[in-house]
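Remarks on the overall topology
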Amino acid sequence: MSVADPIIVDYEHGISCIDTEFHNRLQLDASHLIVDSGEAAFVDVGSNYSIPVLMAALERKGIAPEQVRYVCVTHVHLDHAGGAGEIMRQLPNATLVVHPRGAKHMIDPRALYEGAKAVYGEEEMQRTYGQLLPVPEARVKTVTDGERLPLGGRELLFLDTPGHAYHHYSIIDEQAGVGFSGDTFGLSYRQLDTARGAFIFPTTTPIHFDPEAAHASIDRLMSYDLGAMYLTHFSRVEELPRLAADMHAGLDRLVEIALAHEQGGAERFERISGDIRAWLGERLREHGCRLSESEIDGVVGMDVLLNTQGLIVWLDRRAAA
Ligand SMILES: [Zn+2]
């Protein structure tokens, strides 16, 4: 894995997955490239450190930087949009397409950086993300719910899909019969695939988790009767009705776990994260996963912690309301 040798998987309808190599881990964070009639769009771009890989992937595919018409960030969490400012400097004709609630953070990323620094600390911020670069306002396009943008011979349909984050859109490519769901349709790591297929679970990352909105967004995506969904973590999944049912059940379970420890005080974090870990472990065994406990933790451990933090923020918001 390196800039010289980007990992690209080509799917049908001109869609490719490029591994952003986020956190120097493979199959954790994807960028998708859509190419149609000489025009291209990226969907999510990883962090600053992913951009040399994405540019090398473009070159590998014989696409000039000038041909990239859009950089679409499904939401402004930094594993999706952290590299947006950097890649926009390298793509002279691209427009950054962002949810109306995320635009100001792309134009002036200081608040985004400070918010993440409060969680991760300065050293980790520099190691994982580097300095976030602003995108000139004139190059930013916000898309409202139901808006369509042309790309080559097709159209991309943008849907407001809150639940994971309130600055989150998903993209429907009706011609290809697929969606790009960012984090709205959960996390499905390829390392957890078994003979039973893909394993999926919701992400409740701070600070906007909203279970009702998350359920509704999944139903909305499913109403398009798609053949496949491209997730940022990680890439293409099929069998969408089964996975949607797993997502609804998973959201219910996470909410149930959080509510059971509503009064947990200082031990709330340990209790909620312990319950999430146990629940995922049990579901993975039912799914036929043969990885050891520590291997499973290597794949989902970070998400267990982020989900716990997000559920606690949700509990506190509920209590304050
Ligand atoms: Zn996210």
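Here the residue numbering is sequential within each chain, running from 1 through the sequence in written order. Only residues with pLDDT of at least 70 are given local features in this predicted model, and only at 80 or more are side-chain atom pairs given and counted; all residues enter the totals for whole chains, interfaces and linings. Side-chain descriptors were evaluated using all non-hydrogen atoms of the structure, hydrogens and water having been removed beforehand.

**Some details on the packing of aromatic side chains**
The description of an aromatic ring pair uses the distance of the two centres, along with the angle that the planes make with each other. What counts here: Centres within 6.5 Å are what make two rings of Phe, Tyr or Trp a pair, Trp counting through its six-membered ring; a difference in plane orientation under 30 degrees is then read as stacked, over 60 as edge-to-face, and the rest as tilted. Categorising residues by exposure relies on relative accessible area from a 1.4 Å probe, with only protein chains included: less than 20% of the type maximum marks a residue as buried, more than 50% marks it as exposed, and the intermediate range marks it as partly exposed. Helix numbers and strand numbers start at the N terminus; a helix is a DSSP run of H or I with at least 4 residues, a strand a run of E with at least 2. We count a charge as sitting over a ring when the NZ of a lysine or the CZ of an arginine lies within 6 Å of the ring centre and within 35 degrees of the ring normal.
Summed over the entire model, instances satisfying the criterion amount to eight aromatic pairs. Ring centres of tyrosine 120 and tyrosine 129 lie 6.1 Å apart, and the angle between their planes is 50°; this geometry places the pair in the tilted category. Using a relative accessible area of 37% as the deciding quantity, one classes tyrosine 120 as partly exposed. Judged by centre distance (6.4 Å) and plane angle (55°), the ring pair of tyrosine 189 and phenylalanine 201 falls under tilted. A residue pair is termed long-range when its members are at least 10 positions apart, and tyrosine 189 in the loop between strand S11 (178-182) and helix H7 (211-222) and phenylalanine 201 in the loop between S11 and H7 qualify at 12 residues. For tyrosine 189, a relative accessible area of 1% gives the class buried. Overall, phenylalanine 201 belongs to the buried group, its relative accessible area being 1%. These aromatic residues form a ring-pair network of at least three members: Tyr11, Phe180 and Tyr230. Cation over ring: arginine 101 sits above tyrosine 166, and NZ or CZ is 5.2 Å from the ring centre.

**As for the nonpolar core**
Let me state the cut-off plainly: As used in this record, nonpolar core signifies buried Ala, Val, Leu, Ile, Met, Phe, Trp, Tyr and Cys residues forming a set joined through side-chain atoms within 4.5 Å. Any two residues whose heavy atoms approach within 4.5 Å are treated as being in contact.
Within the largest apolar cluster, 79 residues are counted, with the highest numbers of intra-cluster contacts made by Phe42 and Phe185. Ranked by the residues each element gives to this core, the list is headed by helix H8 (residues 240-260), at nine residues. When near neighbours in sequence (up to four residues on either side) are disregarded, phenylalanine 185 contacts Ile200, Ile218, Leu221, Met222, Met229, Leu231, Leu240, Leu243, Ala244 and Met247. Judged by nonpolar contacts, the second largest core, of 19 residues, contains Ile15, Tyr70, Leu151 and Leu156.

**Brief notes about the pairing of strand S6 (residues 95-98)**
What counts is decided by this rule: When DSSP finds two or more bridges between a pair of strands, those strands are recorded as paired.
Both strand S5 (residues 68-72) and S6 contribute to a ladder of three bridges, which runs parallel. If you follow cysteine 72 over to S6, its bridge partner there is valine 97. Examined bridge by bridge, S6 and strand S7 (residues 140-142) share three bridges and lie parallel to one another. Within S7, the position partnered with valine 98 by the bridge is threonine 142.

**Structural notes on the coordination of the zinc ion**
Rules: Keep in mind that water is not among the atoms, so a site may look incomplete; donors are the N, O and S atoms within 2.8 Å of the metal, or 3.2 Å for Na, K and Ca. Metal sites are grouped by the angles between bound donors: all angles between 85 and 135 degrees with four donors is tetrahedral, opposite donors over 155 degrees apart with the others between 65 and 115 is square planar for four donors and octahedral for six, and any other pattern is irregular.
The coordination sphere of the zinc ion, as far as protein atoms go, consists of His75 (NE2), His77 (ND1), His164 (NE2) and Asp183 (OD), spread over 2.1 to 2.4 Å. Around the zinc ion, the four donor atoms are arranged such that angles at the metal cover 84 to 174°; this shape is classified as irregular.

**A short note on the sheet that holds S6**
Put simply, the rule reads: Interaxial angle, 0 to 180 degrees, is taken between N-to-C directions of lines fitted to C-alpha atoms, where a helix line uses only the stretch in contact.
With mixed pairing, seven strands are arranged side by side in an open sheet as S1-S2-S3-S4-S5-S6-S7. Bordering the open sheet on either side are strand S1 (8-10) and S7, each of which pairs with just one other strand. Strand after strand, the sheet turns through a mean of 25° between neighbouring axes, direction not considered. Helix H1 (residues 51-60) contacts S1, strand S2 (15-19), strand S3 (30-36), strand S4 (39-43) and S5 of the sheet and is inclined by roughly 140° relative to S2.

**Quick word on H1**
Most of H1 sits inside the fold, with seven of its 10 residues counted as buried. Among all positions of H1, only Ile51, Val53, Leu54, Met55, Ala56, Ala57 and Leu58 are buried. Buried positions along H1 lie against S1, S2, S3, S4, S5 and helix H3 (84-90). Residue glycine 62 follows H1 closely and has a positive phi angle near 75°.

**Focus on the sheet that holds strand S12 (residues 228-231)**
With mixed pairing, six strands are arranged side by side in an open sheet as S8-S9-S10-S11-S12-S13. Two strands lie at the open edges of the sheet, namely strand S8 (148-151) and strand S13 (235-237), each paired on one side alone. Across the sheet, the mean angle from the axis of one strand to that of its neighbour is 25°, orientation sign disregarded. As paired strands, S8 and strand S9 (residues 154-160) are joined by four bridges and run antiparallel to one another. Each bridged residue has a counterpart across the sheet, and for leucine 151 the counterpart in S9 is arginine 154. Contacts from H7 reach S9, strand S10 (169-173), S11 and S12 within the one sheet, and its direction differs from that of S9 by about 160°.

**What to know about a nonpolar patch on the surface**
Which entries qualify depends on this criterion: Surface patches are drawn from residues lacking salt bridges whose relative accessible area is over 30%; two like charges belong together within 9 Å, two nonpolar side chains (Val, Leu, Ile, Met, Phe, Trp, Tyr) within 5 Å. Each accessible area is a Shrake-Rupley estimate made with a 1.4 Å probe; only the visible protein chains count as cover when residues are assessed. The term salt bridge refers to a pairing of a side-chain nitrogen on Lys or Arg with a carboxyl oxygen on Asp or Glu at a separation within 4 Å.
Residues Ile7, Val9 and Leu26 make up a contiguous nonpolar surface patch of roughly 190 Å² in combined accessible area. Turning to its location among the elements, isoleucine 7 is positioned in the segment before S1.

**Topic: the pairing of S9**
The buried fraction of S9 is high, at five of seven residues. Between S8 and S9, which pair antiparallel in sequence order, lie two residues; one of them, glycine 152, sits at a positive phi of approximately 55°. With four bridges joining them, S9 and S10 adopt antiparallel strand pairing. If you follow phenylalanine 158 over to S10, its bridge partner there is isoleucine 171.

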